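Chain residues, written in single-letter form:
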Amino acid sequence: MSALTPISPIAFVSQAGASEVQQWISALQAAMPEERILPCEQLDADQLAQCRVAIVANPDPAQLKRMPNLLWVHSVWAGVERLVADLGQSDLQLTRLVDPRLAATMAEAVLAWTLYLHRDMPLYARRQREHHWEAQPYVLPEQRRVSLLGLGALGEAAAAALRQARFAVNGWSRSAREAEGVQTFHGPAGLAQMLAQTDILVCLLPLTAETRGLIDAAHLAMLPPQAQLINFARGPIIDDAALKAALDAGQLRHAVLDVFAVEPLPPAAWPWSHPAVTVLPHCSAPTDRQTASAIVAANIRRYRHSGEIAANVDLRRGY
Ligand code: NDP
């Protein structure tokens, strides 16, 4: 089979509940009324064989294997580490969501929680509970060094929002990058240099073989005493035991954690009750169904007209 025929259905594959699947299909169908988008479970063997494109939101890999002629998997999520693991050995093309709306939402979250740490809100909340009246010395944002792990679609947007709020911004990536007003670093040596100049560390890296457990005891020890941490990327990038030890020792002042190795975070997990941790329920940057559907629709239309697949994930690199 060479290209899609206009009548070949597009499978929507997700482990989400029926109502969420329906909301996705409605939004996608509204964005591309010329297509037939159906839940994978409703397709018969002939239709499954016709499918060249699957749109996915955290899919069960077994469902993807039911489509023998599948060419292209388009995720409506930005993080695709599970798909990379599932599709790693295949010839499938993979597209992840890159959406300016998502980047703006994440930039807002990074700014909000940076300000929370910058203005010592966890400390004042505790002092109020203790009926304790005492002001901290004021620190200018220019004097607060905020370092971003990851300078991709989300990291760049976060850097711009932090710059706008007058923070001193550092950024770290795999390859050498430039971003206006940002002191940039790359590679392992660059990471060590950046960590030593960090008051608030913000994780916006993809979870890959290289980044799993990257922020371990040795890297946490490179941060100045009383540095703070925000993890909005994926839980396993930060070594859980090392993080707890650094917080227990007061070496790290506070951590804002939105993502965890197991989600929902189990009731007995230590971060819930740690006085130096703020737990968030993976809410920093939810996908916007309308803007995401418009992006998927534009990519699929391009493919229908030119055969070009907007793949943007390198399966070997892992992101
Ligand atoms: P991108 O792929 O656009 O950017 C990734 C950045 O990380 C790049 O700068 C890349 O470097 C860098 N990077 C990757 N591997 C390494 C490494 N080994 N060493 C150093 N730098 C590395 O991703 P996005 O910005 O779009 O998204 C980042 C992650 O955010 C997603 O993978 C997802 O897990 C998470 N996310 C979380 C959400 C939430 O609600 N909590 C919502 C959406 C996404 P280089 O520039 O050199 O390629």
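About the thresholds
Residues numbered from 1 in each chain as written. Predicted model: local features only at pLDDT ≥ 70, side-chain atom pairs only at ≥ 80, totals over all residues. Heavy atoms only, no water. Near = heavy atom within 4 Å. Polar contact = N/O pair within 3.5 Å; in protein donor to acceptor, adjacent residues only side chain to side chain. Helix = DSSP H or I, 4+ residues; strand = E, 2+ residues; numbered from the N terminus. UniProt positions renumbered as here; feature names shortened; annotations may be inferred. Disulfide = S-S within 2.5 Å. Buried < 20%, exposed > 50% of the residue type's maximum accessible area, 1.4 Å probe, protein only. Pairing = 2+ DSSP bridges. Axes fitted to C-alpha atoms, helices over the stretch in contact; angles between N-to-C directions.

### Describing the site of the ligand
Alright, step 1. Not every one of the 28 residues close to the ligand is listed here, only the nearest: Leu154, Ser175, Arg177, Phe232 and Tyr319.
Alright, step 2. A distance of 2.9 Å separates an oxygen atom of the ligand from a polar atom in the backbone of Leu151.
Alright, step 3. Within the backbone of Ala153, one N or O atom sits 2.9 Å away from an oxygen atom of the ligand.
Alright, step 4. Breaking the shell around the ligand down by element, the ones donating at least two residues are helix H7 (153-164) and strand S7 (168-173).

### A look at the UniProt feature "domain: D-isomer specific 2-hydroxyacid dehydrogenase NAD-binding" (unreviewed entry) in the protein
Alright, step 1. Mapped onto this numbering, the UniProt entry annotates "domain: D-isomer specific 2-hydroxyacid dehydrogenase NAD-binding" (unreviewed entry) at residues 113-284.
Alright, step 2. For residues 113-284, the end-to-end C-alpha separation is 10 Å, with 29% helix and 20% strand making up the annotated structure.

### Re the state of the cysteines
By definition, a disulfide links the sulfur atoms of two cysteines through a covalent bond.
Alright, step 1. Applying the stated criterion across every chain, the model contains 0 disulfides.
Alright, step 2. No disulfide involves Cys51; its nearest neighbouring cysteine sulfur is the one of Cys40, lying 7.2 Å away.
Alright, step 3. Cys51 sits in the buried class, given a relative accessible area of 0%.
Alright, step 4. Looking at Cys283, it has no disulfide partner, and the nearest cysteine sulfur is the one in Cys203, 16 Å off.
Alright, step 5. The class for Cys283 is partly exposed, based on a relative accessible area of 38%.

### Digging into the sheet that holds strand S4 (residues 72-75)
Alright, step 1. The 5 strands lie next to each other as S2-S1-S3-S4-S5, forming an open sheet whose pairing is parallel. Strands with a single pairing partner mark the edges of an open sheet, and in this sheet they are strand S2 (37-39) and strand S5 (93-95). Taking each pair of neighbouring strands and ignoring which way they run, the sheet shows an average axis angle of 25 degrees.
Alright, step 2. For strand S3 (residues 53-57) and S4, the ladder comprises 4 bridges, and the chain directions are parallel. Residue pairing across strands places Ile55 opposite His74, the latter belonging to S4.

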